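# Analysis of the macromolecular model
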Amino acid sequence: MAVALPGAGASQEQNPPLPPPRPDRPAPPEKPDGKSPVRESAEQNATDAGDPAAACIERLTKLGLRFEKRPPVQENACRIGNPVSVSALPTGIEVSPASLMECSFAEGLVRWVNEVVIPRTGEHFQSAPTKLLIGTSYQCRDQRSGAKLSEHAFGNSVDVMGFEFDKRPPLTVRVQPEGSPEAAFQSAVQKEACAIFSTVLGPGADDDHDDHLHLDMRVRKADYRICQ
Ligand SMILES: [Zn+2]
């Protein structure tokens, strides 16, 4: 009827129905009510204090690495408690192939590249590194001496075989011609790695390390380091 129609229309305008929930949209924002920031900071504290593994992952995310978190590795006596597969470092330097390592080791690798490899590449080659060529990362095996498990067995080590750059040919780790910029670069990145890693072995150390830089974070008494 003519009377009923305007009435129904008016009623709808005064009490518009709530819009249906939109599954394609996130839940209504929580921030305006002040609850969300409080909850976030509580989670943050719990992460830092009670869950060092999660805190490490969070730091890698903030650093801007390209990585995937992986489930813990346990293979006989070999293990990685908080493994990540790293495919690129913060400035976009590729890790090739993507390498499995303990989260805390990945942080060390970032430090070495940022504090040592990038500046030395600029100094000796007027260039920038674009790729880190990795031989072995995680591998369940003994040390070459055979005495104990290698740090590779704990995801606490990588073997760097070479580097690629934006403005010059790749560099393969080996005994470099004496007095060359390659020798100066390689010697610097090897020597300065000792401030970050507890074991650094490279060409000249022994026959096993003639073609790569072995970097690891083995924990020893009194912070003893091996740097050869
Ligand atoms: Zn090694």
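The present account deals with the structure reproduced in this document.

Cut-offs used in this document
- Residues numbered from 1 in each chain as written.
- Predicted model: local features only at pLDDT ≥ 70, side-chain atom pairs only at ≥ 80, totals over all residues.
- Heavy atoms only, no water.
- Disulfide = S-S within 2.5 Å.
- Helix = DSSP H or I, 4+ residues; strand = E, 2+ residues; numbered from the N terminus.
- Patch = residues over 30% accessible without salt bridge, like charges linked within 9 Å, V, L, I, M, F, W, Y side chains within 5 Å.
- Areas by Shrake-Rupley, 256 points an atom, 1.4 Å probe, with all protein chains shown as cover.
- Salt bridge = Lys/Arg side-chain N within 4 Å of Asp/Glu carboxyl O.
- Lys, Arg positive; Asp, Glu negative; His and termini not counted.
- Charge placed at Lys NZ, Arg CZ, Asp CG, Glu CD.
- Buried < 20%, exposed > 50% of the residue type's maximum accessible area, 1.4 Å probe, protein only.

Moving on, we get to the state of the cysteines. Applying the stated criterion to the full structure yields 3 disulfides. Here C78 pairs with C140 through a disulfide, and the sulfurs are 1.9 Å apart. Measuring the twist about the S-S bond at about 80°, one finds the C78-C140 disulfide to be right-handed. Placement of the pair is C78 in strand β3 (residues 78–80) and C140 in the loop between β6 (129–134) and β7 (157–165), with a sequence separation of 62 residues.

A contiguous patch of negative charge, built from D206, D207, D208, D210 and D211, is present on the exposed surface. Within the secondary structure, D208 is located in the loop between β9 (199–201) and β10 (213–216). Classification of D208 as partly exposed rests on a relative accessible area of 40%.

Scanning the entire structure with this criterion turns up 10 salt bridges. Across the pair R120 and E192 runs a salt bridge whose closest N-O atoms are separated by 2.9 Å. Of this pair, R120 sits in helix α4 (residues 103–125) while E192 sits in helix α5 (residues 181–193), and the two are 72 residues apart along the sequence. For R218, the salt bridge identified is with E151, shortest N-O distance 3.5 Å. With a gap of 67 residues between them, R218 in the loop between β10 and β11 (226–227) and E151 in the loop between β6 and β7 connect regions that are remote in the sequence. Exposure remark for E151: the relative accessible area of 7% places this residue in the buried category.

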